[in-house]
Amino acid sequence: MLEDTSFAIHPGAEQQRNTAVYHDIGNVKYQEKGNDSFHFICENGQVAIRFYTEAIVRITMNPKGEPSWGQSRSVVAEAKKVDVEEDGTAEVYELKTTELHLSISKTPFRIRIYDRQGRELVTEAEQGMAWQENGEVAVFKQMHENDHFYGFGEKAGFLDKRGEMYEMWNTDVYAPHNPETDPLYESIPYFMTLRDGKAHGIFFDNTFRSWFDMRSFAERYAYRAEGGQLDYYVMAGPEPKHVLEQYTYLTGRMPLPPKWAIGYHQSRYSYQTEEEVREVAQHFIDRDIPLDVLHLDIHYMNGYRVFTFDEGRFPNPEKLVRDLREMGIRVVPIVDPGVKKDPEYPTYQEGVTGDLFCKYLEGDIYFGDVWPGTSAFPDFTEEKARKWWGEKHRFYTEIGVEGIWNDMNEPAVFNETKTMDVQVMHRNDGSPATHRELHNLYGMLMGKATYEGLKDQLDGKRPFLLTRAGFAGIQRYAAVWTGDNRSFWEHLQMSLPMVMNLGLSGISFTGPDVGGFAHHSNGELLTRWTQVGAFTPFFRNHSAIGFLYQEPWRFGEKYEAVIKEYIEMRYRWMPQLYSLFAKASSQGLPVMRPLFMEFPEDEKTYNLNDQFMIGDNVIIAPILAPSVVDRAVYLPEGEWVEASSGVAYQGENTYLIHAELEDLPLFIKKGTAVAQTDWTSNKDKSWKRVRMDIYAGDQGEDYRFTFYDDDGETFAYQHGSYLELEVEVVSTEEAVKVDIVDRRGDYVPAYQQIDIHVIGRKDGQDVILNGEKENGDSYLSLTD
Ligand code: MIG
């Protein structure tokens, strides 16, 4: 109780320093070469090294025995055959690929990793690999003065994580998220280091509670875990984009979501009756505000029993889903992992009789308290339970549901530890392990079960899954929202670096609750937040029970008009966003990114928290505080056109930009293009026309944009049914030339041309499309 008062810092409360005694790995006793691996038997542990690609190396250390290459739930890549050059002296052993150079000194064992230009990536010096008697494993690396750190999944605070320490342990946090609130719902034990414009990455593939410490030592950082092996991958970069490609090569990429899931979502904890849901939907139709999804929170269930509807409040869910679908709106119900302990409830019966729940070693089912009261939890680490759980979703898919929302899957349990007893023994597909070891995987494996189940049932349609908890690799199954934020301007501010770092952690499809979940929103906050939301990859307005409703019209016409405009803008930008989603899906590059990703040489971008990019040519600098209508905007190299005013700005400068409530400062780089469509109606959201806005430059810029489209709802794209246009824009003083230089895939969209609209053309500047001179706006035909 007193810990929230000054008593917490009473004079005797000197914080415990980390006085842990580590056993250093020690000297190499002897070394051995395996098939594709290199082994070092040291005084205090064994190390094994294996290259996955020329640019990715895996390093493992087991304090007590031979390191295992055992199964990881995160890594989906197999080690490729890599030619490794070996060299060295009695003292130092060298391993080289075309991209990496490992220099291993033997007394004591230390690894230094360079790229082939001799640039230092990751270095151990006075401390290296180590462990403690209690099972903790750790490694210490040198930290350079110019190191900046990014990634780490879902973390509060600023973009650059230097000076911070983070814990990986999926946790339900309703208490207000502060810059120091850690851990949160998702754990991604991965980060990228940017040093002097070049980047490399580290993925620590260990599911135990772990820590990343960029704070405690001036010249070193460390990562460590409560148990398991030291097992990590170093990715060579050298560009930030390469690191992401490498990391997502290892842990997988997002399957393309259905187009509807990239639209606007409206939610509330909870719309409590069928009538209320219909009413909300009707408002969107009557006001002609775009809407793709309505979420059903926990009140739809009978006593919070998953796979049920409350028959009083939701008497005819099938009709509800069908009627809304006709209005152009999908329904996404929430599903929590806790299954109510109720001997008359079929799901519980099946779980018990089928032996599908998490249990103690001794055989007792683990029970925890969540919304339904005492509940059991499916053991998602076991194939049998995953299959069962996936199958259970027929309950929803049979009435036309195509998307599911997973919550409380850290798992959250109402007790002191906030989660399941760490002594629970998961079956783990034949390698039993405790909850202490597998806790961080619970949400992701629930996601796997759900996604795969839905995919089976949807007859070739793409499922949508939203999750709160996850681990490295969650992008293969689900979009992630950032949990219980509040209607604070500070939380709008904090959401930018959080979403950017999630994107840098391989999870592109993310966003916060627009308007804020807890606390009371207001018109201005909701308007400004919606302006940001229109460009975050996941776009959902959600609010909590007991606080003001915050649908677009709730704060009066003045705000509604602006909010509507920005939701419409989301739909006008759909071709651009969808093309970027395709890139995320094929290469792992985030849709929403920090500026440094495109301008890694520009120090001013390294900790730029209040601006972001969509793709490689659009900068958004939203207003993030009340009553503010002017803000500083930093524009990096290039010339930038403010989209609404058409005013051009010279880059590498900071400008004071004016933005009334209806304005969102958005800048497009000269010499580049953005693809747009029209917003038509909720009933028919297909793209009738696609237009490419070309922002004319004159500096001889050469720009490539990959336009992507497909049917937006099936997996046919994985079998060639897509349209990919490599569009080249070359802007010189004489002409703006636009060419389709490559076309891939055999999808034929309904629109038969790409309209071309050139913005900011100078006198005397021609427009040349596919080699032909045009007099003004024209189009590129897709049929010839
Ligand atoms: O403890 O289902 O983060 O989005 O509305 C509350 C009710 C449980 C937490 C989620 C929130 C959701 C709420 N849930």
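So, a few notes on the structure that sits alongside this text.

About the cut-offs
Residues numbered from 1 in each chain as written. Predicted model: local features only at pLDDT ≥ 70, side-chain atom pairs only at ≥ 80, totals over all residues. Heavy atoms only, no water. Helix = DSSP H or I, 4+ residues; strand = E, 2+ residues; numbered from the N terminus. Rg over C-alpha atoms; globule rule 2.2 N^0.38 Å. Lys, Arg positive; Asp, Glu negative; His and termini not counted. Charge placed at Lys NZ, Arg CZ, Asp CG, Glu CD. Near = heavy atom within 4 Å. Polar contact = N/O pair within 3.5 Å; in protein donor to acceptor, adjacent residues only side chain to side chain. Areas by Shrake-Rupley, 256 points an atom, 1.4 Å probe, with all protein chains shown as cover. Salt bridge = Lys/Arg side-chain N within 4 Å of Asp/Glu carboxyl O. Buried < 20%, exposed > 50% of the residue type's maximum accessible area, 1.4 Å probe, protein only. Pairing = 2+ DSSP bridges. Axes fitted to C-alpha atoms, helices over the stretch in contact; angles between N-to-C directions. Patch = residues over 30% accessible without salt bridge, like charges linked within 9 Å, V, L, I, M, F, W, Y side chains within 5 Å. Parallel < 35°, antiparallel > 145°, perpendicular 65-115°, else oblique. Contact = heavy atoms within 4.5 Å. Nonpolar A, V, L, I, M, F, W, Y, C, P; charged D, E, K, R; others polar. Phe/Tyr/Trp six-rings, centres within 6.5 Å; stacked < 30°, edge-to-face > 60°. Lys NZ or Arg CZ within 6 Å of the ring centre and 35° of its normal.

### A short note on the overall build of the protein chain
When its secondary structure is counted, the protein chain shows 12 helices and 52 strands. Over its C-alpha trace the protein chain gives a radius of gyration of 27 Å, about what one expects of a compact globule, namely 28 Å for 784 residues. Dimensions along the principal axes, computed over C-alpha positions, put the protein chain at roughly 75 × 70 × 60 Å. Averaged over its 80 positive side-chain charges, the protein chain has a centre that lies 2 Å from the centre of its 125 negative ones.

### As for the site of the ligand
Neighbouring residues of the ligand: 13 residues in total, closest Asp297, Asp407, Arg468, Asp484 and His542. Residue Asp297 places a side-chain N or O atom 2.5 Å away from an oxygen atom belonging to the ligand. At 2.4 Å from an oxygen atom of the ligand is found a side-chain nitrogen or oxygen belonging to Asp484. Computed on the free molecule, the ligand has an accessible area of 350 Å², of which 94% lies beneath the protein chains in the complex.

### Notes on the pattern of salt bridges
For the coordinates displayed, the defined rule picks out 57 salt bridges. When the shortest N-O distance is used, the salt bridge between Arg278 and Asp323 registers 3.0 Å. Placement of Arg278 in helix α2 (residues 274-287) and of Asp323 in helix α3 (residues 317-326) is noted, with a sequence separation of 45 residues between them. Look at Arg278 and you get partly exposed, because its relative accessible area is 28%. In this structure, Asp766 and Lys773 form a salt bridge, with 3.7 Å as the shortest nitrogen-oxygen distance. Overlapping salt bridges, with partners in common, bring together Arg73, Glu383, Arg386, Lys387 and Asp429 in one network.

### Digging into the sheet that holds strand β9 (residues 109-115)
Read across the open sheet, the 5 strands follow the order β6-β7-β8-β9-β10; overall the sheet is antiparallel. The open sheet has two edge strands with one neighbour each: β6 (85-88) and β10 (120-123). Neighbour to neighbour, the strand axes of the sheet diverge by 20° on average, direction disregarded. Of the strand pairs in this sheet, strand β7 (residues 92-96) and strand β8 (residues 100-106) are connected by 5 bridges, and their pairing is antiparallel. Residue pairing in the sheet places Leu95 in a bridge with Leu102 of β8.

### Considerations on a negative patch on the surface
Taken together, the side chains of Glu565, Asp630, Glu660 and Glu662 present a region of like negative charge at the surface. With respect to the element layout, Glu660 can be found in the loop between β42 (653-658) and β43 (666-669).

### Describing the pairing of strand β19 (residues 220-225)
β19 sits mainly inside the fold: 6 of its 6 residues count as buried. Burial along β19 is two-sided: the face carrying Arg220, Ala222 and Arg224 and the face carrying Tyr221, Tyr223 and Ala225 are both buried. As judged from the 6 bridges shared by strand β12 (residues 137-142) and β19, these two strands associate in the antiparallel manner. Paired with Gln142 across the bridge in β19 is Arg220. One ladder, built from 4 bridges, connects strand β18 (residues 210-213) with β19; its direction is antiparallel. Paired with Ser210 across the two strands is Ala225, which belongs to β19. Two successive antiparallel strands, β18 and β19, enclose a turn made up of 6 residues.

### Describing the packing of helix α9 (residues 489-503) against helix α10 (residues 523-533)
One can describe the packing of α9 onto α10 by two numbers: an axis separation of 10 Å at closest approach and a directional angle of 10°. With respect to their mutual orientation, α9 and α10 come out roughly parallel. On α10, the residues that touch Trp489, His491, Leu492, Ser495 and Leu496 of α9 are Glu524, Leu525, Arg528, Trp529 and Val532. The class makeup of the residues in the contact of α9 with α10 is 6 nonpolar, 2 polar and 2 charged.

### Topic: unusual backbone geometry
Between Gly237 and Pro238 the backbone carries a cis peptide bond, its omega angle lying at 5°. The topology assignment puts Pro238 in the loop between β20 (230-235) and α1 (240-251). Following Tyr269, the chain continues into Ser270 via a peptide bond in cis, with omega recorded as -5°. Take Ser270: it is sitting in the loop between β21 (265-266) and α2. The residue Glu652 is not glycine, and still its phi comes out positive at about 60°. Secondary-structure assignment places Glu652 in the loop between β41 (648-650) and β42. Of the residues examined, Glu652 reaches a relative accessible area of 55% and is grouped as exposed.

### Side note on the packing of α10 against helix α11 (residues 557-572)
For the pair α10 and α11, interaxial distance at closest approach is 9 Å and the crossing angle is 10°. The angle between α10 and α11 places the two elements in the roughly parallel class. Residues Gly523, Glu524, Leu526, Thr527, Thr530, Gln531 and Gly533 of α10 pack against Tyr559, Val562, Ile563, Tyr566, Ile567 and Arg570 of α11. Residue composition of the contact of α10 with α11, grouped by class: 6 nonpolar, 5 polar and 2 charged.

### Considerations on the packing of aromatic side chains
Across all of its chains, the model carries 57 aromatic pairs by this definition. An angle of 80° between the planes, with centres 5.4 Å apart, marks the rings of Phe380 and Trp389 as edge-to-face. Each member of the pair Phe380 and Trp389 is classed as buried. Through pairs of rings, three or more aromatic residues link up here, namely Tyr300, Phe307, Phe309, Phe314, Tyr348, Phe357, Phe380, Trp388, Trp389, Phe395, Tyr396 and Tyr442. The residue whose ring lies beneath Arg220 is Phe217, and the NZ or CZ to ring-centre distance is 4.7 Å. Over the ring of Trp687 we find Lys259; its NZ or CZ atom is 3.6 Å from the centre of that ring.

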